[in-house]
Amino acid sequence: VQLQASGGGLVQAGGSLRLSCVGSGRTFSDYFMGWFRQAPGKERAFVAAIGRSGTYYADSVKGRFTISRDNTENTVYLQMNSLKPADSAIYYCAARLTPTYTVSYERYNYFGQGTLVTVSS
């Protein structure tokens, strides 16, 4: 599957952004989908994931971010509210063939190219 992420940008603290990730190739609904982020000098970190078993979030974004998907549009979304400067990073969407939850990016099979989110204070 090929993944194309978009929706990043510059926003003030407290603002909102919605990221989108469009997939192509195999049946999109078969994939367990996730979002990761990587800030300069830091490891790539789990943000959120969605599959038939439900939705999952990192503690740092619970209550502020919402992951959803539209399988008819082959798209997964990440609605980000109450953004903080600490949320600034490149955000990557990822697809996993095994439909089980994991926070480990090494266990995902495909990544999109990333979209930059910058939150100013």
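In this text the structure is predicted, and so the values were computed from the model without any measurement.

**Student:** Help me get a handle on the state of the cysteines, residues and values and all.
**Tutor:** Under the criterion given, the structure shown has one disulfide. With its sulfur 2.0 Å from that of its partner, Cys21 forms a disulfide with Cys93. Negative torsions about the S-S bond denote left-handed disulfides, and the value of about 60° found for Cys21 with Cys93 makes this one right-handed. Here Cys21, found in strand 3 (residues 17-24), pairs with Cys93, found in strand 9 (residues 89-96); they are 72 residues apart in sequence, far enough to count as distant.

**Student:** Before we move on, could you go through the sheet that holds strand 8 (residues 75-80) and cite the residues and values that matter?
**Tutor:** Across the sheet, four strands lie side by side as 1-3-8-7; this open sheet has antiparallel pairing. One side of each edge strand has no neighbouring strand; the edge strands of this open sheet are strand 1 (2-6) and strand 7 (65-70). Here the average twist between neighbouring strands, direction ignored, is 15°. Bridge count for strand 1 against strand 3 is five bridges, and the pairing is antiparallel. Opposite Gln2, over in strand 3, you have Ser24 as the bridge partner.

**Student:** For the pairing of strand 8, give the residues involved together with the corresponding values.
**Tutor:** Across a regular strand the side chains alternate sides, sitting on one face of the sheet and then on the other. Summarising burial for strand 8: five of the six residues are buried, a large majority. Here six bridges tie strand 3 to strand 8, and the two strands are oriented antiparallel to one another. Counted as the bridge partner of Leu17 is Met80 from strand 8. Where strand 7 lies against strand 8, six bridges are found, and the strand directions are antiparallel. Each bridged residue has a counterpart across the sheet, and for Asp70 the counterpart in strand 8 is Thr75. In this antiparallel pair of consecutive strands, strand 7 and strand 8, the connection spans four residues, and Asn74 shows a positive phi of 55°.

**Student:** Just give me the short version of the side chain of Thr102, but keep the residues and values in it.
**Tutor:** Within the secondary structure, Thr102 sits in the loop between strand 9 and strand 10 (110-111). Taking the relative accessible area as the measure of exposure, Thr102 reaches 11% and is therefore buried. Within the local environment of Thr102, its side chain forms a polar contact with the backbone nitrogen of Ser104, the two atoms lying 3.1 Å apart.

Here is what the cut-offs are and how they apply
- As a convention, each chain's residues are numbered from 1 in the sequence order in which they are written.
- The model is predicted, so local features are restricted to residues of pLDDT at least 70 and side-chain atom pairs to those at 80 or more, both for listing and for counting; the totals for chains, interfaces and linings are taken over all residues.
- As a rule here, side-chain values come from all non-hydrogen atoms in the structure, and water together with hydrogens is ignored.
- Note on terminology: pairs of cysteine sulfur atoms within 2.5 Å are recorded as disulfides.
- Put simply, DSSP marks the helices as runs of H or I at least four residues long and the strands as runs of E at least two long, and each gets a number from the N terminus on.
- By definition, two strands form a pair when at least two bridges between them are found by DSSP.
- As a rule, the C-alpha atoms of each element are fitted with a line to give its axis, helices using only the stretch in contact, and angles between N-to-C directions run from 0 to 180 degrees.
- Exposure classes here rest on a 1.4 Å probe applied to the protein chains alone. A residue is buried below 20% of its type maximum, exposed above 50%, and partly exposed in between.
- Two N or O atoms form a polar contact when they lie within 3.5 Å of each other; inside protein one atom must be a possible hydrogen donor and the other a possible acceptor, and for residues adjacent in sequence the pair counts only when both atoms belong to side chains.

Read these as geometric descriptors, not functional statements.
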